[in-house]
Amino acid sequence: MVLVFAMAAMLWGIGSIMKAPLRLRFGMILGLWLAVVLAHAVLPVGNPLLQATGGDLRVWLLIGVVAAIVLAYRRWIAALRARAVPVAEPIEKPGSFRPAELDRYSRHIILREIGGPGQKRLKQARVLVVGAGGLGSPALLYLAASGVGVIGVVDADVVDNSNLQRQIIHADQRIGMPKVFSAEQAMLALNPFVEVRPYHRRLEGDAAAALIADYDLVLDGTDNFDTRYMVNRLCAEAGKPLISAAITQWEGQISLYDPARGTPCYECVFPERPAPGMVPTCAEAGVAAPLPGVIGAMMAMEAVKHITGAGETLAGRLMIHDALYAQTRVIGIKARVDCPVCGTSH
């Protein structure tokens with residue numbers, strides 16, 4: 001038996017010196033083992049060759065079985081390690097779409113007015129929505145569903161039971177949660193391919209100007225005039241287009257204000273704040289539940305058209321929708337040369 005092991009070691013050494021492949025070296029060892037087994041199987045007992053190899057057939061068969069088990073175990077471990085090696089994911093090009101996104105946005109892509117280039121512009125767009133209430137709720141959901149790449153939402157309020165009659169982005173289970181985080185949950189549940197940036201704070205001061213400057217387009221659906229006029233001023237100063245809408249009871253209005261590109265700003269159209277009590281809030285005057293959904297969806301539609309270049313937006317026009325009598329009218333609006341916000345830009 002010692003002679004056989006010595007021969008095996010010699011064969012392995014020669015193969016190593018000659019840099020023979022491992023498979024060939026193991027093949028030579030296997031050939032030696034087969035020759036010994038064959039000799040024990042056919043030669044009569046007492047043959048000098050059997051005495052030189054030592055042992056009997058059962059010992060050599062056992063050695064073969066053990067060697068086979070060891071080799072099989074090594075191959076199994078190697079296969080497990082190969083499966084455990086992480087596969088590097090392909091690097092996505094900026095603006096590229098995953099297969100799941102192409103399927104998700106297919107109804108946009110087949111639209112002649114949007115197509116692949118328009119959907120790519122949506123993916124690259126950055127839109128800030130001021131207010132996650134009645135108007136912000138449908139606007140945010142449709143912006144997310146449309147595939148707008150980065151959506152910021154700023155609101156200092158928390159979800160209240162009285163909001164749920166019309167603020168469809170929130171849920172009963174999230175009462176007491178900040179609206180921006182409730183909106184974030186709903187938007188990512190709808191479309192995990194968008195990035196949502198929640199800002200749980202009031203929009204004011206230098207931080208407001210810096211925030212607006214970081215986005216391409218602003219949607220304002222707030223219910224107080226101080227915020228509306230401030231957002232309009234900051235957007236005009238930063239050269240950012242603004243889609244602003246308002247609702248009360250049964251009526252809503254919406255327009256796209258972009259004085260940097262020749263349209264009037266919000267203050268051109270509404271130069272003076274209404275006297276206190278003249279325009280009651282929704283909490284004071286009430287509002288039909290679907291109305292903010294109608295106007296908020298229009299805000300998202302105007303945003304999609306503005307980003308993709310599809311159709312004609314409401315730039316330079318004011319849409320007024322009367323839900324009680326199912327009437328909608330659009331009127332032209334003009335910039336004022338003496339506007340304190342954008343007059344010098346005209």
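Conventions we followed
Residues numbered from 1 in each chain as written. Predicted model: local features only at pLDDT ≥ 70, side-chain atom pairs only at ≥ 80, totals over all residues. Heavy atoms only, no water. Patch = residues over 30% accessible without salt bridge, like charges linked within 9 Å, V, L, I, M, F, W, Y side chains within 5 Å. Areas by Shrake-Rupley, 256 points an atom, 1.4 Å probe, with all protein chains shown as cover. Salt bridge = Lys/Arg side-chain N within 4 Å of Asp/Glu carboxyl O. Helix = DSSP H or I, 4+ residues; strand = E, 2+ residues; numbered from the N terminus. Phe/Tyr/Trp six-rings, centres within 6.5 Å; stacked < 30°, edge-to-face > 60°. Buried < 20%, exposed > 50% of the residue type's maximum accessible area, 1.4 Å probe, protein only. Pairing = 2+ DSSP bridges. Right-handed = clockwise from strand over helix to strand, strands pointing away. Arc of directions from axis to C-beta. Axes fitted to C-alpha atoms, helices over the stretch in contact; angles between N-to-C directions. Contact = heavy atoms within 4.5 Å. Core = buried A, V, L, I, M, F, W, Y, C linked by side-chain atoms within 4.5 Å. 1 Å grid on protein atoms, 1.4 Å probe; cavity = no way out; pocket = protein on both sides within 12 Å on 5 of 7 lines; lining within 4 Å. Points joined across faces, edges and corners; volume = space filled by probe spheres on them. Nonpolar A, V, L, I, M, F, W, Y, C, P; charged D, E, K, R; others polar.

**Comments concerning a nonpolar patch on the surface**
Taken together, Y73, W76 and L80 make up a surface patch of nonpolar side chains, about 350 Å² in accessible area. As for its placement among the helices and strands, Y73 is situated in helix α4 (residues 57–84).

**As for the packing of aromatic side chains**
Note on aromatic pairs: each is described by the distance of the centres and the angle between the planes. Taken as a whole and judged by the stated rule, the model has four aromatic pairs. With 5.7 Å between their ring centres and 85° between their planes, Y257 and Y266 make a pair best called edge-to-face. With relative accessibility at 4%, the residue Y266 sits in the buried group. Geometrically, the ring pair formed by Y266 and F270 is tilted, given 5.0 Å between the ring centres and 40° between the ring planes.

**Looking at the pairing of strand β3 (residues 195–199)**
The side chains of a regular strand alternate between both faces of the sheet. Two elements, strand β2 (residues 150–154) and β3, share five bridges in a ladder whose sense is parallel. When the bridges of β3 are listed, I151 appears paired with V196. What joins β2 to β3 is helix α9 (residues 179–190), and the crossover it makes is right-handed.

**Here we look at helix α10 (residues 205–213)**
When α10 is considered as a whole, its buried residues turn out to be A208, L211 and I212. The arc that holds every buried residue of α10, seen down its axis, measures 95°, which confines them to one face. Pointing more than 90 degrees away from the buried face of α10 are the exposed residues D206 and A210.

**Describing the sheet that holds strand β8 (residues 327–332)**
Across the sheet, eight strands lie side by side as β3-β2-β1-β4-β5-β6-β7-β8; this open sheet has mixed pairing. Taken across any chain shown, the strands that pair with only one partner, and hence form the sheet edges, are β3 and β8. On average, each strand axis in the sheet is tilted by 15° relative to the strand beside it, whichever way the strands run. Note: strand β5 (residues 242–248) against strand β6 (residues 251–257), seven bridges, orientation antiparallel. From the neighbouring strand, A245 faces β6, where its bridge partner is I254. Taken strand by strand, helix α11 (residues 225–238) contacts β1 (126–130), β4 (217–220) and β5, and its axis lies near 170° from that of β4.

**Focus on the environment of H200**
You can see H200 is positioned in the loop between β3 and α10. H200 sits in the partly exposed class, given a relative accessible area of 37%. Taking C-alpha positions, H200 is 7.8 Å from K179, a pair spaced 21 residues apart along the chain. The contacts of H200, once residues within four sequence positions are left out, are D155, A156, D157, P178, V180 and F181.

**Concerning the pairing of β6**
Most of β6 sits inside the fold, with five of its seven residues counted as buried. In sequence, β5 turns back onto β6 through a hairpin of two residues, with Q249 there showing a positive phi of about 50°. Judged from the five bridges that link them, β6 and strand β7 (residues 317–322) form a sheet pairing that is antiparallel. Opposite Q253, over in β7, you have I320 as the bridge partner.

**Remarks on the nonpolar core**
Core analysis: the biggest nonpolar cluster contains 41 residues, and L140, L143 and L219 have the highest contact counts within it. Within the residue set of this core, elements represented by two or more residues are β1, α8 (136–146), β2, α9, β4, β5, β6 and α14 (290–308). Not counting residues within four places of it along the chain, the set of residues in contact with L140 comprises V129, A132, I151, V153, I169, A183 and M187. Of all hydrophobic cores here, the second largest spans 22 residues; its members include Y229, M230, L234 and L242.

**Comments concerning the pattern of salt bridges**
In the structure shown here, the tally under the stated rule is 13 salt bridges. Salt-bridge contacts for E113 lead to R112; the nearest nitrogen and oxygen are separated by 3.3 Å. Among the residues examined, E113 registers a relative accessible area of 41% and is labelled partly exposed. A relative accessible area of 76% places R112 in the exposed class. For the salt bridge of E195 with R197, the shortest nitrogen-to-oxygen distance reads 2.8 Å.

**Regarding the layout of surface pockets**
Of the voids in this model, the largest pocket is the one considered here, and its volume is about 1100 Å³. Every residue lining the largest pocket is counted, 44 residues in all, and those nearest its centre are G221, T222, D223, N224 and R228. When residues of the lining of the largest pocket are traced back to their parent elements, those giving at least two are α11, β5, β6 and α13 (282–285). If one sorts the elements of the lining of the largest pocket by residue count, α11 sits on top with six residues. Of the residues contributing to the lining of the largest pocket, the split by class is 19 nonpolar, 13 polar and twelve charged.

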